Amino acid sequence: MASSPCGNSNFDSGLEIKTRSVEQTLIPLVSQITTLINHKDKPKKSERTLAAIHRVGQAVSVAVGRFVAVGEAIAAENQELKEEMGQACFEARRAGDAIAQLTDVGTAPPAQSDGHVTVFSDRTGMVKAARLLLSSVTKVLVLADRIVIKQIITSRNKVLVTLDHLERVTTFQEFVQIFSQFGNEMVEFAHLTGDRQNDLKDEKKKARMAAARAVLEKCTMMLLTASKTCLRHPDCDSARINKDAVFHRMRCALEQVIEIVTEARSCGENKILPASIYNGIKDFKSSVESLRENLYTLPPQSVGNQLEALVERTEDFTDSAYTSHEQRQAILGLCQLARQDAQQLVHAWVEAQSIHAKEPTEEMEVGILKTCQSVNDLRRELHKVAVARASDLLKVHGEQLPLQALKASGAEGNLEAVAEYTRTLTEQKEQLVESCRLLCHVSGTEPLEITCIHAEETFHVIGPQIISAAQTLALHPSSKIAKENLEVFCEAWDSQLCDVALLLREIIDIFEGRRGDKRPYLSLPRPGKHLANLKTTKAVKLDAEEQMSMAKLGLELRLLSSDVDAEMEKWEEQEHDIVRQCQSMASMAYNMYLFTRGEGLLKTTLDLFHQAEVLSEEGLQLCSSLRTFSTQLVDEEKAVVITEMEKLVALCQQLQMGAKTPVQGKTATFQKVDSSIQTTRGILAVVLSLLPLCNKLSRKYKSESSLGSPQGWRERQDVSTPVKEDSALNDKNSNGFGVKSLEQHMAGLNLLESK
């Protein structure tokens with residue numbers, strides 16, 4: 001047996017992969033290496049199979065060589081990574097050469113009478129080479145990923161510097177100049193963090209990133225108007241308080257983003273989520289059901305202690321002044337029932353231990369079932385209370401009466417009335433904060449818990465900001481900028497109410513077993529958020545006659561969204577970017593259909609226009625995914641996809657511009673609604689034509705990746721992923737040096753033969 005060309009290596013392979021892009025880049029390599037190792041298990045092979053193995057081994061070696069060239073270019077541009085990246089590239093190249101040598105069968109003995117060649121393969125050498133290759137390529141990818149993190153940190157630092165300048169300006173002219181620069185830097189930061197959010201594997205980190213980006217998005221417009229108000233009224237204490245709160249919140253959000261991408265071990269990163277009742281019940285049931293496996297692992301009193309800790313958490317419900325007497329009694333009754341069932345279980349458990357039983361007795365089994373059922377009933381009751389409270393609050397606060405009264409009182413300069421309505425708004429804020437806390441207890445997943453906490457913190461912060469903005473307007477009732485500032489903060493409050501409505505729907509879906517259909521839209525832009533001079537369209541509801549005229553159009557929208565759902569179910573890769581984005585668009589289109597019936601989460605025309613703009617943004621993201629997808633296609637197939645994609649781009653831009661265009665009057669508003677829904681219908685029609693086409697092409701190339709010949713792979717590689725060393729070494733944009741450029745060079749491995 002030949003010795004391994006790699007020799008022994010202690011190269012570290014214990015690297016944690018934190019992003020989907022790194023994971024997906026490694027999948028084809030793992031697949032093909034596994035194929036080569038499996039072939040080494042079969043001593044006898046035909047000459048055709050030997051030739052195929054040889055070609056695959058050579059192809060792996062060539063692809064790794066190109067991959068390493070990009071890695072070395074990254075090392076040359078980033079001195080802090082030069083040593084580590086150089087070592088990883090050296091090991092990858094050595095492993096690639098070893099695989100090429102181990103698959104070189106040019107010196108194999110002649111074929112036997114049955115047409116097969118007996119090869120005493122060095123399987124151990126192949127395994128060592130494969131391990132070294134995978135670990136070194138993984139390290140190259142992880143190191144390249146640090147470049148993306150470095151870009152985010154650099155972008156954040158630029159934003160912070162400009163933010164400091166903005167906070168210190170004293171003239172409008174200077175402010176306008178610096179804010180223009182700040183806007184451009186925030187756009188760059190939003191793109192980088194948005195890509196990172198989508199790439200993260202950890203759902204909790206994705207939720208925290210979405211929350212931080214939502215804060216930055218909403219605070220950008222607040223910062224503009226709060227700063228202008230402070231410049232116009234420099235001696236006004238309430239204006240200064242209002243502005244300082246915005247700057248503080250932006251800095252906290254920027255810091256949270258960096259903590260997530262760098263995994264910093266600061267207090268913010270390690271802030272423990274509040275103990276939720278949902279998780280408490282899940283852990284308690286797990287402990288109880290584990291008794292079926294082993295009666296002696298836990299002490300009997302542990303079940304009672306765990307249940308008491310769980311019951312203590314229900315005090316957030318029972319101690320609330322807003323919980324009705326009937327609801328409180330129902331919760332307390334279920335807690336007492338759970339205690340009784342747990343006591344009976346413990347009694348049966350002690351008896352089973354006393355007779356040295358090896359498995360649960362019949363009494364124990366009954367106790368386990370009853371105890372689990374009683375805590376399930378408790379969870380159901382708590383869910384009902386939390387959801388009912390949130391639904392009622394959203395209905396009441398949807399009218400925005402305190403906000404309207406504050407705006408009117410402030411415009412009149414009536415400080416006493418502002419103080420009175422401030423108390424009303426503060427009470428509403430406390431109700432909403434408590435409601436978010438209760439929803440957190442029953443949310444059902446840790447990402448949704450994080451979103452509930454974000455909503456709770458947002459109401460807690462925006463409430464006082466609205467009050468300070470109203471006080472400023474009351475002190476300066478003729479100030480247009482003070483009036484605009486109050487409008488912006490009220491709009492942020494309304495936006496958060498909409499986000500809570502979406503969150504509530506998702507919590508209900510989780511509880512009822514419908515998962516994966518809804519996507520959060522917290523960080524997507526809304527009209528008016530970044531346009532300082534755009535007047536807000538008045539929110540109105542369709543009357544009965546208008547709903548009737550919209551019924552046919554809405555029905556067509558519903559049928560199209562159902563057809564899109566049906567096409568998506570045919571995809572094998574449900575997590576494919578194209579599928580995920582189409583899911584979001586179909587879900588939003590269905591919300592728009594419900595609006596035409598006077599149902600669903602979209603209550604006013606302003607809600608509809610918000611949804612239309614979010615849908616257009618998602619459509620443009622889909623176009624980006626389609627463009628990436630088309631790079632692996634041949635000319636004719638690529639032309640068809642690009643043609644449909646261009647139609648989609650035009651329709652999304654049309655919908656976006658229409659949603660942003662302000663209108664006045666009932667007729668103009670109705671026409672805008674009609675236009676938005678018709679354009680959305682056109683978008684879904686294009687999506688419906690693209691989905692089966694892309695699915696067919698995806699299956700085709702996936703099939704070819706396992707059945708195609710190495711020669712075919714080389715021909716396709718020339719078309720789809722041309723490698724030009726000069727461009728690879730000189731491209732310095734964000735897609736050139738980082739994981740994405742490395743993905744392109746590894747993509748060819750996806751098409752290697754697997755015989």
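As shown above, the structure is provided for reference.
The subject of this paragraph is the packing of helix 12 (residues 362–397) against helix 14 (residues 415–442). Relative orientation of the contacting elements helix 12 and helix 14 amounts to 150 degrees, with a least axis distance of 9 Å. By crossing handedness, the relation of helix 12 to helix 14 is classed as left-handed. Taken together, the residues of helix 14 that come into contact with helix 12 (itself represented by Leu382, His383, Ala386, Val387, Arg389, Ala390, Leu393 and His397) are Gln428, Gln431, Leu432, Glu434, Ser435, Leu438, Leu439 and Val442. Looking at side-chain class alone, the contact of helix 12 with helix 14 contains 9 nonpolar, 5 polar and 2 charged residues.

What follows concerns a negative patch on the surface. Residues Glu312, Glu315, Asp316 and Asp319 make up a contiguous surface patch of negative charge. By secondary structure assignment, the location of Glu315 is in helix 10 (residues 315–318).

Okay, the pattern of salt bridges next. According to the stated counting rule, one finds 28 salt bridges in the structure shown. A salt bridge links Lys204 to Glu446; the shortest N-O distance between them is 3.3 Å. Placement of Lys204 in helix 6 (residues 203–232) and of Glu446 in helix 15 (residues 446–475) is noted, with a sequence separation of 242 residues between them. According to the relative accessible area criterion, Lys204 is partly exposed, its value standing at 34%. Take Glu446: its relative accessible area is 32%, and that puts it in the partly exposed class. We note a salt bridge from Lys407 to Glu487, for which the minimum N-O separation is 3.5 Å. Here Lys407 is found in helix 13 (residues 401–412), whereas its partner Glu487 is found in helix 16 (residues 480–511), with 80 residues between them in sequence. For Glu487, a relative accessible area of 34% corresponds to the partly exposed category. Taken together, the shared-partner salt bridges connect Asp164, Glu167 and Arg251 into one network.

What follows is about the side chain of Arg196. As for its position among the elements, Arg196 is in helix 5 (residues 172–199). Sequence-distant contacts of Arg196, defined by excluding residues within four places in its chain, comprise Thr19, Asp145, Val148, Ile149, Ile152, Met209 and Val261.

Within this structure, the stated rule accounts for 4 aromatic pairs. A ring pair is formed by Phe175 and Phe179, whose centres lie 5.6 Å apart and whose planes are at 25 degrees; its orientation type is stacked. Separated by 4 residues within a single helix, Phe175 and Phe179 lie in helix 5, roughly one turn from each other. Since its relative accessible area comes to 16%, Phe179 is described here as buried. Measuring from ring centre to ring centre gives 5.5 Å for Tyr590 and Tyr593, while their planes differ by 45 degrees; the resulting arrangement is tilted. One end of the pair, Tyr590, and the other, Tyr593, are both in helix 18 (residues 577–596), 3 residues apart, so they sit about a helical turn from each other. Note on Tyr593: relative accessible area 6%, which makes it buried. Here the aromatic cluster, defined as three or more aromatic residues joined through ring pairs, consists of Phe175, Phe179 and Phe182. Looking at Lys672, its charged tip hangs above the ring of Phe609, at a distance of 4.1 Å from the centre.

Parameters and conventions
- Residues numbered from 1 in each chain as written.
- Predicted model: local features only at pLDDT ≥ 70, side-chain atom pairs only at ≥ 80, totals over all residues.
- Heavy atoms only, no water.
- Axes fitted to C-alpha atoms, helices over the stretch in contact; angles between N-to-C directions.
- Helix = DSSP H or I, 4+ residues; strand = E, 2+ residues; numbered from the N terminus.
- Left-handed = near helix turned anticlockwise from the far one by under 90°.
- Contact = heavy atoms within 4.5 Å.
- Nonpolar A, V, L, I, M, F, W, Y, C, P; charged D, E, K, R; others polar.
- Patch = residues over 30% accessible without salt bridge, like charges linked within 9 Å, V, L, I, M, F, W, Y side chains within 5 Å.
- Areas by Shrake-Rupley, 256 points an atom, 1.4 Å probe, with all protein chains shown as cover.
- Salt bridge = Lys/Arg side-chain N within 4 Å of Asp/Glu carboxyl O.
- Lys, Arg positive; Asp, Glu negative; His and termini not counted.
- Charge placed at Lys NZ, Arg CZ, Asp CG, Glu CD.
- Buried < 20%, exposed > 50% of the residue type's maximum accessible area, 1.4 Å probe, protein only.
- Phe/Tyr/Trp six-rings, centres within 6.5 Å; stacked < 30°, edge-to-face > 60°.
- Lys NZ or Arg CZ within 6 Å of the ring centre and 35° of its normal.

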